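Notes for the structure review
Listed below are the residues making up each chain.
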Amino acid sequence: MAYTRNDFIPFSADSGRVVANLEAAYEQWLDARQQLDGLPISMYWQTKAGTDYLAVKQRSSDPGTTMGARSQQTEAKLAEFAQHKAELKKRVSDADASIADRAAQYRALRLPPIPDRQAEIVRALDVSRLLRNDLMVVGTNAFIAYSLLCNARFPTGVEETEDFDLAWCRGSGVSLTPTSAAIPERRSLMAVLQGVDSTFRLNKKKPYQAVNASNYEVELLMAPSLAPLPRAEAFEPMVSLTEQEWLLKGRPLTVVVATIRQRACPLYVPDPRWMALHKLWLAKKPERNALKRPKDLRQGDVLLSACRYFLAHAYPLDSDFVLELPAELRELFNAWAQASGFDPLNPG
């Protein structure tokens, strides 16, 4: 189907300001929450043989490690820790209140929200520094970010999904960690999921998928060029999905969205042009679930049209872009351009 600009419904003139304010509040929350997450879980006095020792636990499951007998220095260290932790908790609480207020404004403008179940997972990934560095959000959930970027409601709306797709990006050009940099130790994806919901387990029949007690699925996808995963990761994503390579192209983007319960959630998603063509290709992939193909086709068609009408400067569909495309995607792009009356040599 050929979509026109009139098929997209612009959001309110206030939406850009509200989204920007929500993002600012979220970044304040994230900074404080990451600092808090980096502190020991507790610091306390431990008595041994009649002497008090300052003990610290990095995690609740850790045995306490002593830092010296009670002295002016250890008493000052404990006081400093307690004050710093209280200050960070206050910053998190203040940011939460600000987010709730701005998310309420977001919801009042009827901007697209993300369900809280997905949002809780993405926030935890962001706090653990996996999002943007190791992982991107892909699939249907990414379309919320694209809709906000275009400041318009898409003709197909933001379609509901009962699963959650993530793509591994560490070591690629779209990871915010430089490929030459030493990778700091981070929690594994499964550890983060189990921190959100302890019932998450790897699906032994589909080792690229984690499932919780409610049968909610989180899938990890991976481009062949990035295989294998680090040893700490429990997932075993399929490494034959060549189409995942395309989502590592171009310029990804981050958008902060509100949740249904008025919290905030960051979405780090692929370049919309490559995502659109990825979707069009999936719609023709023989192995693809036949029930998913119509949605893939709609989403790809709508997203390319959105790039044409709203993102011409940031994400141009010009001849330079077309020349980057592999043959199978160039064929799909040309078919879309012909059906839509679009000329990449004269995109204006």
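What counts and how
- Residues numbered from 1 in each chain as written.
- Predicted model: local features only at pLDDT ≥ 70, side-chain atom pairs only at ≥ 80, totals over all residues.
- Heavy atoms only, no water.
- Helix = DSSP H or I, 4+ residues; strand = E, 2+ residues; numbered from the N terminus.
- Buried < 20%, exposed > 50% of the residue type's maximum accessible area, 1.4 Å probe, protein only.
- Contact = heavy atoms within 4.5 Å.
- Phe/Tyr/Trp six-rings, centres within 6.5 Å; stacked < 30°, edge-to-face > 60°.
- Lys NZ or Arg CZ within 6 Å of the ring centre and 35° of its normal.
- Salt bridge = Lys/Arg side-chain N within 4 Å of Asp/Glu carboxyl O.
- Pairing = 2+ DSSP bridges.
- Axes fitted to C-alpha atoms, helices over the stretch in contact; angles between N-to-C directions.
- Polar contact = N/O pair within 3.5 Å; in protein donor to acceptor, adjacent residues only side chain to side chain.
- Disulfide = S-S within 2.5 Å.
- Parallel < 35°, antiparallel > 145°, perpendicular 65-115°, else oblique.
- Left-handed = near helix turned anticlockwise from the far one by under 90°.
- Nonpolar A, V, L, I, M, F, W, Y, C, P; charged D, E, K, R; others polar.

Side note on the environment of Asp165
Here Asp165 lies in strand S7 (residues 163-168). A residue is classified by how much of its surface remains accessible, and Asp165, at 17% relative accessible area, is buried. For Asp165 and Val218, which are 53 residues apart along the polypeptide, the C-alpha to C-alpha distance reads 5.9 Å. Setting aside residues up to four positions removed in sequence, Asp165 forms contacts with Met136, Val137, Val138, Gly139, Glu219 and Leu221.

Some points on the packing of aromatic side chains
For the structure shown, the criterion picks out eleven aromatic pairs. Look at Phe143 and Tyr146: their rings are 5.5 Å apart centre to centre, the planes differ by 85 degrees, and that puts the pair in the edge-to-face class. With Phe143 and Tyr146 both in helix H4 (residues 142-150) and three residues apart, the pair spans about one turn of that helix. By relative accessible area, Phe143 is classed as buried at 4%. Grouped by ring-pair contacts, the aromatic residues Trp274, Phe321, Phe333, Trp336 and Phe342 constitute a single cluster. When the ring centre of Trp45 is taken as reference, the NZ or CZ atom of Arg70 above it lies at 3.9 Å.

Remarks on the pattern of salt bridges
Taken as a whole, this structure holds 14 salt bridges when the rule is applied. A salt bridge links Arg17 to Asp14, with the shortest nitrogen-to-oxygen separation between them at 3.9 Å. Overall, Asp14 belongs to the partly exposed group, its relative accessible area being 37%. Notably, a salt bridge pairs Arg91 with Asp31, separated by 2.6 Å at the nearest N-O pair. A residue pair is termed long-range when its members are at least 10 positions apart, and Arg91 in helix H2 (residues 72-108) and Asp31 in helix H1 (residues 15-38) qualify at 60 residues. Judged by its relative accessible area of 36%, Arg91 falls in the partly exposed class.

Concerning the sheet that holds strand S2 (residues 42-48)
Spatially, S2-S3-S4 is the arrangement adopted by the three strands of the open sheet, whose pairing is antiparallel. Strands at the two margins of the open sheet, each flanked by one partner only, are S2 and strand S4 (65-69). Taking the axes of each pair of neighbouring strands and ignoring which way they run, one obtains an average angle of 35 degrees across the sheet. As paired strands, strand S3 (residues 51-57) and S4 are joined by three bridges and run antiparallel to one another.

Observations regarding the side chain of Asp134
Looking at the element boundaries, Asp134 is found in the loop between helix H3 (116-127) and strand S5 (135-138). For Asp134, a relative accessible area of 1% gives the class buried. Of note is the side chain of Asp134, whose polar atom sits 2.9 Å from the side chain of Arg170. Among the polar contacts made by the side chain of Asp134, one reaches the side chain of Arg186 at a distance of 2.7 Å.

Side note on the state of the cysteines
Put plainly, two cysteines are in a disulfide when a covalent bond ties their sulfur atoms together. Within this structure, the stated rule accounts for zero disulfides. We note that Cys307 lacks a disulfide partner, and the nearest cysteine sulfur, in Cys150, lies 6.5 Å from it. Judged by relative accessible area, which is 1%, Cys307 ranks as buried.

Describing the pairing of strand S9 (residues 206-211)
As paired strands, strand S8 (residues 201-203) and S9 are joined by three bridges and run antiparallel to one another. The partner of Leu202 across the bridge, within S9, is Ala210. Linking two consecutive strands that pair antiparallel, namely S8 and S9, is a turn of two residues. Sheet analysis places S9 next to strand S10 (residues 217-221), joined by three bridges and oriented antiparallel. Each bridged residue has a counterpart across the sheet, and for Val211 the counterpart in S10 is Glu217.

Overview of the sheet that holds S8
Pairing between sheet strands relies on hydrogen bonds along the backbone, with the strands arranged either parallel or antiparallel. Taken in spatial order, the five strands make up an open sheet running S5-S7-S10-S9-S8, and their pairing is mixed. At either margin of the open sheet sits one strand with a lone partner, and together these are S5 and S8. Averaged over neighbouring strand pairs, the angle between their axes works out to 35 degrees when direction is ignored. On the sheet, H3 packs against S5, S7 and S10 and is oriented at approximately 25 degrees with respect to S7.

Considering the environment of Pro316
Among the structural elements, Pro316 can be located in the loop between helix H7 (293-310) and helix H8 (319-324). By relative accessible area, which is 22% here, Pro316 ends up partly exposed. Put simply, Pro316 and Thr140 are 176 residues apart on the chain and 22 Å apart in space, counted from C-alpha to C-alpha. Filtering out sequence-adjacent residues up to four positions away, Pro316 remains in contact with Arg273, Leu311 and Phe321.

Description of the environment of Ser71
Mapped onto the secondary structure, Ser71 falls in the loop between S4 and H2. Separated by 39 residues in sequence, Ser71 and Arg110 place their C-alpha atoms 58 Å apart.

Side note on the packing of H3 against helix H5 (residues 189-196)
Viewed as axis vectors pointing N to C, H3 and H5 meet at an angle of 130 degrees, and their least axial separation amounts to 9 Å. Relative to H5, the element H3 is oriented oblique. H5 is crossed by H3, and the crossing has right-handed handedness. In this structure, H3 uses Glu120, Ile121, Ala124 and Leu125 to contact H5, whose residues at the interface are Leu189, Val192, Leu193 and Val196. By residue class, the composition of the contact of H3 with H5 is seven nonpolar, no polar and one charged.

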